[in-house]
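Summary of structural features
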Amino acid sequence: SDLKYSNTAPINLLIVSIVPFLIWGPFFPDLIISILTLFFLYHVFKNKDFYYFNNKPLIKFFSFCIISIVSSLFSKDILFSLKSSFFYFRIGVFSCYVWYLIDKDKSILNYFYYALILCFSVLTIDGYYQYFNGENLFGFKMIGSRVSSFFGEEQIMGSYLSRLFPLLFALFIVKKKKKYEIYFISFLFILVESLIFVSGERAAFFF
């Protein structure tokens, strides 16, 4: 590849910051993904290096994006429908950028691993504290009998944990690990599964 960076650490940290930012809402994760997508596209077209775009899964994904946009044009509320479908392609481009960074410096996988460990550990501690005390460490009260931790009224803690835990587990499998990590992840898995259950999200518990 012709794309060159002298130091990927700042970019790695920016990308990994998406993990904790997701707890506070979609604004910053969307902003980071959008900026880095434009950045990557600029360098790709500038250097005419389309290697990471030349793969069947991505072509299928872009085909799906085109179908979604065309479908939005025939919806009753075109602008509202296009709002979610028109820029969806950035997810595919962003995934190619992460792929490129992994090829260049696999330390980004460790960044993701420890960011997920930190976020899951904090949510687990706070979630159980809220479950047993009726409010979390910052005073956010439970809504009914459902634990939501820092997510508050959004009540999507279960979705966050269930969708990101496979990524944490995959990173745990591929990395070199010490014996205590095996016990820690196993224990964390049990705690997270129970926490997803008390979050009251059926789909999340199924996942």
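Look up: the structure comes first, before these words.
Everything quoted here is computed from the prediction, not taken from an experiment. (Residues numbered from 1 in each chain as written. Predicted model: local features only at pLDDT ≥ 70, side-chain atom pairs only at ≥ 80, totals over all residues. Heavy atoms only, no water.)

To continue, consider the packing of helix α8 (residues 157–174) against helix α9 (residues 179–198). Interaxial distance between α8 and α9 falls to 10 Å at its minimum, and their mutual angle equals 160 degrees. One element, α8, and the other, α9, form an angle in the roughly antiparallel class. Once α8 is placed against α9, the crossing between them reads as left-handed. In this structure, α8 contributes Met157, Gly158, Leu161, Ser162, Phe165, Leu168 and Phe172 to the contact, and α9 contributes Glu181, Ile182, Ile185, Leu188, Phe189, Val192, Leu195 and Ile196. Here the residues of the contact of α8 with α9 sort into 12 nonpolar, 2 polar and 1 charged. (Axes fitted to C-alpha atoms, helices over the stretch in contact; angles between N-to-C directions. Helix = DSSP H or I, 4+ residues; strand = E, 2+ residues; numbered from the N terminus. Parallel < 35°, antiparallel > 145°, perpendicular 65-115°, else oblique. Left-handed = near helix turned anticlockwise from the far one by under 90°. Contact = heavy atoms within 4.5 Å. Nonpolar A, V, L, I, M, F, W, Y, C, P; charged D, E, K, R; others polar.)

A separate point is a nonpolar patch on the surface. Taken together, Phe21, Phe27, Phe28, Leu31 and Ile35 make up a surface patch of nonpolar side chains, about 490 Å² in accessible area. The element best represented in the nonpolar patch is helix α3 (residues 27–47), accounting for 4 residues. Inspection of the secondary structure puts Phe21 in helix α2 (residues 18–24). Overall, Phe21 belongs to the partly exposed group, its relative accessible area being 31%. (Patch = residues over 30% accessible without salt bridge, like charges linked within 9 Å, V, L, I, M, F, W, Y side chains within 5 Å. Areas by Shrake-Rupley, 256 points an atom, 1.4 Å probe, with all protein chains shown as cover. Salt bridge = Lys/Arg side-chain N within 4 Å of Asp/Glu carboxyl O. Buried < 20%, exposed > 50% of the residue type's maximum accessible area, 1.4 Å probe, protein only.)

Residues of helix α5 (residues 78–85) that are buried include every one of Ser81, Leu82 and Ser85, and no others. Seen end-on, α5 carries its buried residues on one side only, within an arc spanning 100 degrees. For α5, exposure combined with an orientation more than 90 degrees from the buried face picks out Leu79, Phe80, Lys83 and Ser84. Packed against the buried residues of α5 are α4 (56–73). (Arc of directions from axis to C-beta.)

With that out of the way, let us pick up the side chain of Thr37. Within the element layout of this structure, Thr37 appears in helix α3. Its relative accessible area of 4% is what places Thr37 among the buried residues. Only 2.6 Å separates the side chain of Thr37 from the backbone oxygen of Ile33, close enough to count as a polar contact. Setting aside residues no more than four positions away along its own chain, Thr37 makes contact with Arg90, Val93 and Phe94. (Polar contact = N/O pair within 3.5 Å; in protein donor to acceptor, adjacent residues only side chain to side chain.)

Turning our eyes to something else, we now look at the environment of Ala115. With respect to the helices, strands and loops of the structure, Ala115 is situated in helix α7 (residues 107–133). Through-space distance from the C-alpha of Ala115 to that of Phe169 is 13 Å; in sequence the pair is 54 residues apart. Ignoring sequence-local partners within four residues, the contact set of Ala115 consists of Val16 and Val19.

Applying the stated criterion to the full structure yields 3 salt bridges. When the shortest N-O distance is used, the salt bridge between Glu181 and Lys175 registers 3.3 Å. Taking relative accessible area as the criterion, Glu181 reaches 7% and is therefore assigned buried. For Lys175, a relative accessible area of 13% puts it in the buried group.

Bringing α3 into the picture now. With 21 residues, α3 should cover 30 Å at 1.5 Å per step; its first-to-last C-alpha distance of 30 Å lies within 8% of that length. Of all the positions in α3, only Pro29, Ile32, Ile33, Leu36, Thr37, Phe40, Leu41, His43 and Val44 are classed as buried. Along the long axis of α3, the arc covered by the buried residues comes to 165 degrees, so they all point the same way. With respect to the buried face of α3, the exposed residues turned more than 90 degrees away are Phe27, Leu38, Tyr42, Phe45 and Lys46. Buried-residue contacts for α3 involve α1 (9–16), α2 and α6 (89–104). Count one or two residues on from α3 and you reach Lys48, which has phi positive near 55 degrees. (Expected span 1.5 Å × (residues − 1).)

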